[in-house]
Every structure is written in structure tokens, then in C-alpha cells.
Amino acid sequence: MKTKLVLFSICIAILSMGATAKIKDGKAMTGNSLTEFGKYTIVNSDAPMLYEDQVLPTYELTYENVTTPVRIGVLCEEENKCTTFIVRTEEFEIEYACRNKVFGVKKIEPRFQELPKEEMELKLDKVAYYAQRVICQNKKSEDDLLGLIACYFPDLVKDEYQASF
């Protein structure tokens, strides 16, 4: 547990020291997740996510030590002043949300869910989940939030299931 907290702290420090690459003009955002997944790259995805016939801005997150890419769909809901990040692989899905200047993880809402809830419960590391309920409390750019997701997401998957990623 201490190790994870130290890694979280290091990740936050690195992100806040100015490693704010932008995903503009097709260029990638890169960084180190400080997890066993290794370095990450985030690019605009060629295959967008759809929600209620709406095409969501979608990013592809890849890690150097993982074969399966992670897709991140971004849904901005103006009426709730909320940005929702749907984070999905072929075997795991979770949601990160930014509400009222608080950014953190939450279990995927049924309206976004594609995989069986029971399967997600088995693979979800509950300690990491509760530690990530509030990741930051300051307003951040979409690129900064994507970087935070890239750093925090690997810890949500229980160690015994990480090998299948």
C-alpha cells in the first residue's frame, strides 16, 4: 500500500512539474505510468466511441508492456458541468469523472456499460479504487486528465488479471 501511495505521489509530481504534452495535430502525448505497464502514449483514435448516436472524442492509450490498447471516450455534459471519461479495454471498463473541480474514478454507469458487472467486480482492485475516488481537486485541462488516467488506470486492475492485458 505504501509503495502505491509513493508511486501515486511521484506520478502527480511529474505531471505537475510541466510535463504537459498536448494531443494536437495528431501528435502523441507520452509519459511514464510508474507502474508495471511502463511508459504510455496517448493519441487520437481512428475508431471513435459512440454514445446515444453521438460520436465521442476518443483517444487510444497504449503502454509499452501491455499488448491491448485502452480506449478513452470523452463525454462533456454541459447541464451537469461534468466531463466523463469512459476507459475501456476488451476485458475491463471503468469511468473517471470531473465534477465540481473534483476528478476521480467511479464504477461505470449502466448507460455506458458493455461488459458484465460481475466480471468487472472480480478484476477491480478495491483498495486502489477507493484511493482514486478523488485524484485531484483543481481544474485541469483534458490533456492533464488523460495523463492522470494513464498513470492511475493500471492500479485499478488486480495483479492476477494484469497479465491478460
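For clarity, every value in this text was computed on a predicted model and none was experimentally measured.

What counts and what doesn't
- Residues numbered from 1 in each chain as written.
- Predicted model: local features only at pLDDT ≥ 70, side-chain atom pairs only at ≥ 80, totals over all residues.
- Heavy atoms only, no water.
- Pairing = 2+ DSSP bridges.
- Helix = DSSP H or I, 4+ residues; strand = E, 2+ residues; numbered from the N terminus.
- Axes fitted to C-alpha atoms, helices over the stretch in contact; angles between N-to-C directions.
- Core = buried A, V, L, I, M, F, W, Y, C linked by side-chain atoms within 4.5 Å.
- Buried < 20%, exposed > 50% of the residue type's maximum accessible area, 1.4 Å probe, protein only.
- Contact = heavy atoms within 4.5 Å.
- Phe/Tyr/Trp six-rings, centres within 6.5 Å; stacked < 30°, edge-to-face > 60°.

K.L.:
Is there a simple way to think about the sheet that holds strand 8 (residues 93–99) in this case?
P.N.:
Read from one edge of the open sheet, seven strands run 1-2-5-6-7-8-9, paired in antiparallel fashion. The outermost strands of the open sheet, each flanked by one partner alone, are strand 1 (29–32) and strand 9 (102–106). Within this sheet the neighbouring strands show an average axis-to-axis angle of 20°, counted without direction. As paired elements, strand 5 (residues 58–63) and strand 6 (residues 70–77) share four bridges and run antiparallel to each other. Within strand 6, the residue paired with Tyr59 across the bridge is Ile72.

K.L.:
Please clarify how the nonpolar core should be interpreted in this entry.
P.N.:
In a soluble, globular protein the nonpolar side chains are often hidden away together inside. Ranked by internal contacts, the top residues of the largest apolar core, which has 36 residues, are Tyr96, Phe103, Phe153 and Leu156. The set of elements that each furnish at least two residues to this core consists of strand 2 (39–44), strand 5, strand 6, strand 7 (82–88), strand 8, strand 9, helix 3 (126–131) and helix 4 (142–156). Apart from the residues within four sequence positions on either side, Leu156 is in contact with Phe92, Ile94, Tyr96, Val105, Lys123, Leu124, Asp125, Ala128, Tyr129 and Gln132. Residues Tyr51, Leu75, Ile86 and Phe112 belong to the second largest nonpolar core, which totals seven residues.

K.L.:
Could you clarify how one ought to interpret the packing of aromatic side chains in this entry?
P.N.:
For any pair of aromatic rings, geometry is given as the distance between the ring centres together with the angle between the planes. Tallied over the full model, the rule gives six aromatic pairs. A ring pair is formed by Tyr129 and Tyr130, whose centres lie 5.1 Å apart and whose planes are at 75°; its orientation type is edge-to-face. A residue is classified by how much of its surface remains accessible, and Tyr129, at 5% relative accessible area, is buried. Tyr130 gets classed as exposed once you look at its relative accessible area, which sits at 54%. Taken together through their ring pairs, the aromatic side chains of Phe85, Tyr96 and Phe103 make up a single cluster.

K.L.:
What should I look at first to understand the environment of Thr30 in this one?
P.N.:
Mapped onto the fold, Thr30 is located in strand 1. The spatial distance from the C-alpha of Thr30 to the C-alpha of Leu61 is 9.5 Å, given a sequence separation of 31 residues.

K.L.:
I would appreciate a short explanation of the environment of Asn44 in the present structure.
P.N.:
Mapped onto the secondary structure, Asn44 falls in strand 2. On the accessibility criterion, Asn44 (38% relative accessible area) is partly exposed. Spatially, the C-alpha atom of Asn44 lies 9.5 Å from that of Ile72, the residues being 28 residues apart in sequence.

K.L.:
Looking at this structure, I do not really get unusual backbone geometry. What am I missing?
P.N.:
For residues other than glycine, phi is negative in most cases, and the peptide bonds are mostly trans. The phi dihedral of Leu34 is positive, around 60°, even though this residue is not glycine. In this fold, Leu34 is placed in the loop between strand 1 and strand 2. In the Ramachandran plot, Glu52 falls in the positive-phi region, its phi being about 50° despite a non-glycine side chain. The topology assignment puts Glu52 in the loop between strand 3 (49–51) and strand 4 (54–56). On the accessibility criterion, Glu52 (65% relative accessible area) is exposed.

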